[in-house]
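Understanding the architecture of this molecule
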Amino acid sequence: MDATMDAQPAASAALTCFLVEDNAVIRENLVATLEEMVDLRVLGHAVDENGALRWLSQDHPGCDLLIIDIFLAQGTGLNVLRAAGEQLPGAQRVVLSNYATPDMRQRCLALGAHKVFDKSAELEDLLAYCSGLADAATRSARS
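In what follows, the accompanying structure is described. What you see is a predicted model; the values in this text were computed from it and never measured. (Residues numbered from 1 in each chain as written. Predicted model: local features only at pLDDT ≥ 70, side-chain atom pairs only at ≥ 80, totals over all residues. Heavy atoms only, no water.)

Some words on the environment of L66
- Residue placement: L66 occurs in strand β4 (residues 65-68).
- Among the residues examined, L66 registers a relative accessible area of 0% and is labelled buried.
- Note: C-alpha distance between L66 and V80 (14 residues apart in sequence) is 9.8 Å.
- Contact partners of L66, with chain neighbours within four places excluded, come to F18, W55, L56, A84, L88, A91, Q92, R93 and V94. (Helix = DSSP H or I, 4+ residues; strand = E, 2+ residues; numbered from the N terminus. Buried < 20%, exposed > 50% of the residue type's maximum accessible area, 1.4 Å probe, protein only. Contact = heavy atoms within 4.5 Å.)

A look at the pairing of strand β2 (residues 15-20)
- With six of six residues buried, β2 lies mostly within the body of the structure.
- Because side chains alternate across β2, one face comprises the buried residues L15, C17 and L19, and the other comprises T16, F18 and V20, equally buried.
- With six bridges connecting them, β2 and strand β3 (residues 40-46) associate as parallel partners. Bridge pairing in β3 links L19 to H45.
- The β-α-β motif built from β2, the intervening helix α1 (residues 24-37) and the parallel element β3 has right-handed crossover chirality.
- With four bridges joining them, β2 and β4 adopt parallel strand pairing. From the neighbouring strand, L19 faces β4, where its bridge partner is I67. (Pairing = 2+ DSSP bridges. Right-handed = clockwise from strand over helix to strand, strands pointing away.)

Shown next as structure tokens:
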């Protein structure tokens, strides 16, 4: 399966997210953690570059956040990151990778990532970042 979308409407969340992650265990744990700890709803996911690019080519005006892994089973998250900047310029683009070296961080930022997090050491930072985005969205909706 290349990409999936949430077929059932869920309760309104402050933030909506699309996830590009090929590892099922990481993806399922990340979705569960984000939806439990942050006012966020995951719209769907892709497991490879083609699935993510297909999803991005559709109209997604309500997507606030993309979380993208760089090394996918097929293709690369770098191309997804580049396309996301073109297709969803208003969405926050976050990279979550096991290879968040200084060089890779620079490359991701140059391709339009707003933040880069290391899967092995910065998950708490990712959650805090997402919480901040959700809080800002809630404040903005109240204004």
